[in-house]
Amino acid sequence: MGFQMQPYGMQAMLKEGHKHFSGLDEAVLKNIDACKQLSVITRTSLGPNGMNKMVINHLDKLFVTNDAATIVNELEVQHPAAKILVLASKAQQEEIGDGANLTISFAGELLQNAEELIRMGLHPSEIISGYSKAINKTVEILDELVEEGSEKMDVRNKEQVISRMKSAVASKQFGQEDILCPLIADACIQVCPKNPVNFNVDNVRVAKLLGGGLHNSSVVRGMVLKNDTVGTIKRVEKAKVAVFASGVDTSATETKGTVLIHSAEQLENYAKTEEAKIEELIKAVADSGARVIVSGGAVGEMALHFCERYKLMVLKISSKFELRRFCRTTGAVAILKLSQPNPDDLGYVDSVSVEEIGGVRVTIVKNEEGGNSVCTVVLRGSTDSILDDLERAVDDGVNTYKSMCRDSRIVPGAAATEIELARKLKEFSFKETGLDQYAIAKFAESFEMVPKTLAENAGLNAMEIISLLYAEHSTGNTKVGIDLDEGIYKDVSTLNIWDLHITKFFALKYAADAACTVLRVDQIIMAKPAGGPKRVPGAGGGNDED
């Protein structure tokens, strides 16, 4: 038996199989490196000319998108430090719904600059204190850059909505924002409640139908269901609606009963009683004034037969979330079992019709007078991945609308704000004494990432453009940004490119917080992963396709 050396130090304290990294080289710089890799991935997708990423997730689903939130969700990020950036971008996505890319890219840039400072000999805590001062100053400067008069806004004015939404949609679908923005703005304004702060993003639905092109897209006041009606009645107008959550069918009894039948008459009568019972139920629904029945479950054959006889239209909505939305659209109350509905429980629709769009039969439920319940943007496109990407652009637009209902202040877009922040912070860093000033200067430098990336993604000379922007800004033109079409600098107020103040504010805040969190780590201790041997995908037999 060989001589076994006794473990000492960290080895003796922790279970075997653990990993332990400490010190600047092993922990801090490795963490920074992992975060840099993540931000390199998202950075090329920043802005209107951002490149698309092709991501195939663990279920073999293909995503072709330049939406950073989708990309980092589908990449299964393993490294604990890079996960912090992912969490920051998710927080941004949930808070604002746009600007996830800025969060990750900016945090990565901050960390890259922090690495240079560490190599110069600064201690991470000095960098953190510098970054904290810098982000507080940034927030002050951001407030100064807000366009005057933009804090008062009529959220029902389409022009104002579009001008604020344009840059968010253009960053996802460049060149098509002029078609998409009016659609999204229409849909949002139609469902906007009396108090705009209570705007619910879920009220703007998206129906993706293959075929046609983006210019065939439209907005429907009401819902678009992707299935046909169950019966033969395909069109009803100005009708009352009864919604049954459980399904339209004879319900089985709770207890088991045995029926003894002696003769043929009894058998006939037994079958007739079942028919009579269902007919009675359906007749009760028809008598209540309802002309449309919506079922949350299966529709029995016999029940359908009587629905046809009483000229009732039957819709089946199997998803309970869709059913809830349908109730919101029509103002109906879902009834649990098939019985005569109260007049109060009935909803109302202007029209329910089955139409064929691009070879797919869809049921369109319109409710024009019923107030601001639900609105659907019908998107048309040639492939599934294009439709998915369009849907993300619509989501971004709707989320931007929600943010502008909360706070409608705007700042100049197209990197004008970032250059101005960089310039003002640089000046601020000269006034600071102590080692913080280096960190603040680096923080200011990090803002150059935005114009640099926008220029690089558009194939322009980044250094030249940044120096031109600085020159313009130092003469007092704070609204000068990059015009990506012509590759020169221009006043963004003439181009009408604005970003929401609230989006920038949260993105920069989350990015700075995430960067400081990563810098605060000086040791990584990983326990041995639990569980037995890893299962190799493809080796396990007998698993289903789904």
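Conventions adopted
Residues numbered from 1 in each chain as written. Predicted model: local features only at pLDDT ≥ 70, side-chain atom pairs only at ≥ 80, totals over all residues. Heavy atoms only, no water. Helix = DSSP H or I, 4+ residues; strand = E, 2+ residues; numbered from the N terminus. Buried < 20%, exposed > 50% of the residue type's maximum accessible area, 1.4 Å probe, protein only. Areas by Shrake-Rupley, 256 points an atom, 1.4 Å probe, with all protein chains shown as cover. Expected span 1.5 Å × (residues − 1). Phe/Tyr/Trp six-rings, centres within 6.5 Å; stacked < 30°, edge-to-face > 60°. Lys NZ or Arg CZ within 6 Å of the ring centre and 35° of its normal. Pairing = 2+ DSSP bridges. Polar contact = N/O pair within 3.5 Å; in protein donor to acceptor, adjacent residues only side chain to side chain. Contact = heavy atoms within 4.5 Å. pLDDT = per-residue confidence, 0-100. Patch = residues over 30% accessible without salt bridge, like charges linked within 9 Å, V, L, I, M, F, W, Y side chains within 5 Å. Salt bridge = Lys/Arg side-chain N within 4 Å of Asp/Glu carboxyl O.

Caption draft 1: Structural detail: the overall build of the protein. Within the protein, the regular secondary structure consists of 18 helices and 17 strands. Dimensions of the protein, computed from C-alpha atoms along their principal axes, come out at roughly 100 × 80 × 35 Å. For the protein, the proportion of its 546 residues judged to be buried stands at 49%. Of the accessible surface of the protein, which amounts to about 27,200 Å², a share of 52% is contributed by carbon and sulfur atoms.

Caption draft 2: Examining helix 5 (residues 100-120) more closely. For helix 5, which comprises 21 residues, the first-to-last C-alpha distance of 31 Å matches the rise-based estimate of 30 Å (1.5 Å per residue) to within 8%. Counting buried positions along helix 5 yields 17 of 21 residues, so the element is predominantly enclosed. Remark: Gly121 follows helix 5 within two positions and exhibits a positive phi of approximately 115 degrees.

Caption draft 3: Layout of the environment of Phe106. Tracing the backbone through its elements, the reader meets Phe106 in helix 5. Along the primary structure Phe106 and Leu508 are separated by 402 residues, whereas in three dimensions their C-alpha atoms are 7.4 Å apart.

Caption draft 4: Quick look at the packing of aromatic side chains. Following the criterion strictly, the structure yields seven aromatic pairs and no others. Ring centres 5.7 Å apart and planes at 75 degrees place the aromatic pair Phe443 and Phe447 in the edge-to-face group. Here Phe443 matches Phe447 in class, with each residue buried. Between Phe505 and Phe506 the ring centres are 5.3 Å apart and the planes differ by 75 degrees, which places this aromatic pair in the edge-to-face class. By relative accessible area, which is 17% here, Phe506 ends up buried. Following the ring pairs from residue to residue traces out a cluster consisting of Phe106, Tyr131, Phe443 and Phe447. We note Lys61 situated over the ring of Phe63; from NZ or CZ to the ring centre the distance is 4.8 Å.

Caption draft 5: Representation of the pairing of strand 5 (residues 218-225). Two elements, strand 5 and strand 12 (residues 375-381), share four bridges in a ladder whose sense is antiparallel. From the neighbouring strand, Val219 faces strand 12, where its bridge partner is Val377. Direction of pairing for strand 5 relative to strand 11 (residues 360-366): antiparallel, over a ladder of four bridges. Within strand 11, the residue paired with Val224 across the bridge is Ile364.

Caption draft 6: Up close: the side chain of Thr229. Residue placement: Thr229 occurs in the loop between strand 5 and strand 6 (235-244). In this structure the side chain of Thr229 is engaged in a polar contact, spanning 3.5 Å, whose partner is the side chain of Asp228. Residues within four places of Thr229 in sequence aside, it is in contact with Lys234, Met313, Val314, Leu315, Val354 and Thr363.

Caption draft 7: Region of interest: the confidence of the model for the protein. Summary statistics for the protein give a mean pLDDT of 84 and a share of 95% for residues scoring 70 or more. Across residues 539-546 the pLDDT falls below 50, and counting only partners more than four positions away or on other chains, this stretch makes two contacts in the model.

Caption draft 8: Main features of a nonpolar patch on the surface. Side chains of Val259, Ile261, Leu267 and Tyr270 sit close together on the surface and give an oily, nonpolar patch of about 380 Å² of accessible area. For Tyr270, the position within the fold is in helix 9 (residues 264-287).

Caption draft 9: A look at the pattern of salt bridges. Under the counting rule described, the total for this entry stands at 34 salt bridges. Measuring nitrogen to oxygen at the nearest pair gives 3.3 Å for the salt bridge that ties Arg361 to Asp228. Taken together, the residues Arg361 in strand 11 and Asp228 in the loop between strand 5 and strand 6 connect sequence positions 133 residues apart. Assessed through its relative accessible area of 39%, Arg361 is described here as partly exposed. For Glu418, the salt bridge is made with Lys504, and the minimal N-O distance between the two is 3.3 Å. Remark: Lys504 occurs in helix 18 (residues 501-520) and Glu418 occurs in helix 13 (residues 416-431); sequence separation between them is 86 residues. Take Glu418: its relative accessible area is 4%, and that puts it in the buried class. A single salt-bridge network, built from bridges that share partners, covers Glu144, Glu420, Arg423, Lys424 and Glu427.

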